[in-house]
Amino acid sequence: MAPQRRAGSRTPESGGAGAGARAEERRRLSSGVKGSVQKDSRRKWLKVAFLLSSAMLGYLLSGSYLLGEDGVTEVLAHQGESLQYKFIEVPCSEDYDSHKRFEGCTPRKCGRGITDAIISREEAERIRRIAEKGLSLGGSDGGASILDLHSGALSLGKHFVNMYRYFSDKVHDTFTEEDFHLYRDVRQRIQQKIALTFGISSSSMYLTKPTFFSRINNSEAKTTHDEYWHPHIDKVTYGSFDYTSLLYLSDYTEDFGGGRFVFMDEGANRTVEPRAGRVSFFTSGSENLHHVEKVHWGTRYAITISFTCNPDHGIGDPVLT
Ligand SMILES: O=C(O)CCC(=O)C(=O)O
Ligand SMILES: [Fe+2]
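Turning to the protein chain, the UniProt annotation filed under Cofactor (unreviewed entry) states: "L-ascorbate".

Novice: Describe in detail the packing of aromatic side chains, supporting the description with residues and values.
Specialist: The description of an aromatic ring pair rests on the distance of the ring centres and on the angle between the ring planes. Under the counting rule described, the total for this entry stands at 12 aromatic pairs. Here F87 and F198 contribute two aromatic rings whose centre-to-centre distance is 5.5 Å and whose plane-to-plane angle is 80°, an arrangement assigned as edge-to-face. With F87 in strand β3 (residues 86–90) and F198 in helix α6 (residues 177–198), the pair connects residues that are 111 residues apart, well separated along the chain. The exposure class of F198 is buried, given its relative accessible area of 6%. Centroid distance F261 to F282: 5.5 Å. Interplanar angle 40°. Geometry classified as tilted. Highlighted residues: F261 in strand β12 (residues 261–265) and F282 in strand β14 (residues 279–283), separated in sequence by 21 residues. Looking at R112, its charged tip hangs above the ring of F263, at a distance of 4.2 Å from the centre.

Novice: Describe helix α3 (residues 121–137), with residues and values.
Specialist: For α3, which comprises 17 residues, the first-to-last C-alpha distance of 25 Å matches the rise-based estimate of 24 Å (1.5 Å per residue) to within 8%. Among all positions of α3, only E123, A124, I127, I130, A131, G134, L135 and L137 are buried. The buried residues of α3 occupy an angular sector of 140° when the element is viewed end-on, so they sit on one face. Projecting away from the buried face of α3 at angles above 90 degrees are the exposed residues E122 and S136.

Novice: Now, about the state of the cysteines: what can you tell me, with residues and values included?
Specialist: The final tally for this structure, using the stated rule, is two disulfides. C92 shares a disulfide with C110; S-S distance 2.0 Å. A torsion of 100° about the S-S bond marks the disulfide between C92 and C110 as right-handed. Of this pair, C92 sits in the loop between β3 and β4 (110–115) while C110 sits in strand β4, placing them 18 residues apart in sequence. By relative accessible area, which is 29% here, C92 ends up partly exposed. The class of C110 is buried, set by a relative accessible area of 1%. Between C105 and C309 runs a disulfide, and the two sulfur atoms are separated by 2.1 Å. Residues C105 and C309 share a disulfide whose torsion about the S-S bond is about -75°; that sign makes it left-handed.

Novice: Summarise the coordination of the iron ion (ligand 2); cite the residues concerned and give the values.
Specialist: Where a metal carries four tetrahedral donors, each ideal angle is 109.5 degrees; where it carries six octahedral donors, the ideal angles are 90 or 180 degrees. Within the protein, the atoms that donate to the iron ion (ligand 2) are H232 (NE2), D234 (OD) and H290 (NE2), at distances of 2.1 to 2.2 Å. Between consecutive donor residues of the iron ion (ligand 2), the sequence gaps follow H-x1-D-x55-H. The pair H232 / D234 is uniform in exposure class, with both members buried.

Novice: Account for the layout of surface pockets, naming residues and giving values.
Specialist: What the largest pocket holds in volume is close to 690 Å³. In terms of lining residues, the largest pocket is bounded by 37 residues, among which I146, F212, H225, Y228 and Y238 are the most central. Of all the secondary structure elements, the ones that give two or more residues to the lining of the largest pocket are β6 (144–147), β7 (153–157), β8 (159–162), β9 (206–216), α7 (234–238), β10 (243–248), β15 (290–292) and β17 (300–308). Of all the elements, β9 adds the most residues to the lining of the largest pocket, at four residues. When the residues that make up the lining of the largest pocket are grouped by side-chain class, the tally is 16 nonpolar, 15 polar and six charged.

About the cut-offs
- Residues numbered from 1 in each chain as written.
- Chains lettered and ligands numbered in written order.
- Predicted model: local features only at pLDDT ≥ 70, side-chain atom pairs only at ≥ 80, totals over all residues.
- Heavy atoms only, no water.
- UniProt positions renumbered as here; feature names shortened; annotations may be inferred.
- Phe/Tyr/Trp six-rings, centres within 6.5 Å; stacked < 30°, edge-to-face > 60°.
- Helix = DSSP H or I, 4+ residues; strand = E, 2+ residues; numbered from the N terminus.
- Buried < 20%, exposed > 50% of the residue type's maximum accessible area, 1.4 Å probe, protein only.
- Lys NZ or Arg CZ within 6 Å of the ring centre and 35° of its normal.
- Expected span 1.5 Å × (residues − 1).
- Arc of directions from axis to C-beta.
- Disulfide = S-S within 2.5 Å.
- Donors = N, O, S within 2.8 Å, 3.2 Å for Na, K, Ca; no water.
- 1 Å grid on protein atoms, 1.4 Å probe; cavity = no way out; pocket = protein on both sides within 12 Å on 5 of 7 lines; lining within 4 Å.
- Points joined across faces, edges and corners; volume = space filled by probe spheres on them.
- Nonpolar A, V, L, I, M, F, W, Y, C, P; charged D, E, K, R; others polar.

Structure follows, in structure tokens:
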């Protein structure tokens, strides 16, 4: 080591006064060695700490976890991955206690599921075309337009119209029976997946309203109906919902930027990146508080299909009227 080499070159003495000098030199050498050992071990620890923190940062930035302003952001489903099935159980909130309970349907098990395996990309594209056709009749002045095939509600400027009445002459040229069959088929498959996941009978749950296509772009909001980004609880917002499902009809980062779905948990945001054909479903109480990020560019299409346990709040599949 450099200090020893330097000291060694300066120790030619022997015996007498030289002994004291050597003792002094040994002490100096020994303290030099100790100092250098200490420095060495400090360096080693610094290296270990650096490697550990780099590994941690790498992990956090690897795409599954990111540190955001509100703590940790975890991606539950990346747009680029095809997910067979993923389920995350969360404790049920007490929200269901303040409503009439329907044993065998009202959630006892709560959580979130995501699957890319029950609706194909081709089917998603066909459904998206239904949305495009319908919404081409109207559309909001702001960034969020909806079309509800059941009630006929369609965004038009700053309001809604009943498409079946307002565009009665055009509706039959716009949609086909096949479109409505596809909706029913998709609704049934999602309903079965939800029933299987939560251990309930598919026949104990009913489609409920509103059930709607959404089209979102980055136009400035003109009315509160355009403000889709607020955190909310579906059971509070929509009343009858017990199980919410979302079928995505376009792709995050390919068709639009922003617009991820975010579960807002204490200390963590958990996101679902939209992917055409991806179904995300969850129990509708406050255990699944969520919001949609603002869309920065492009156009985002999705459809909300939800279910209730209360037969009085059930609706039939949309029909071409
Ligand atoms: O489009 C989405 O991802 C979510 C929409 C939503 O939260 C809702 O319809 O209640
Ligand atoms: Fe919602």
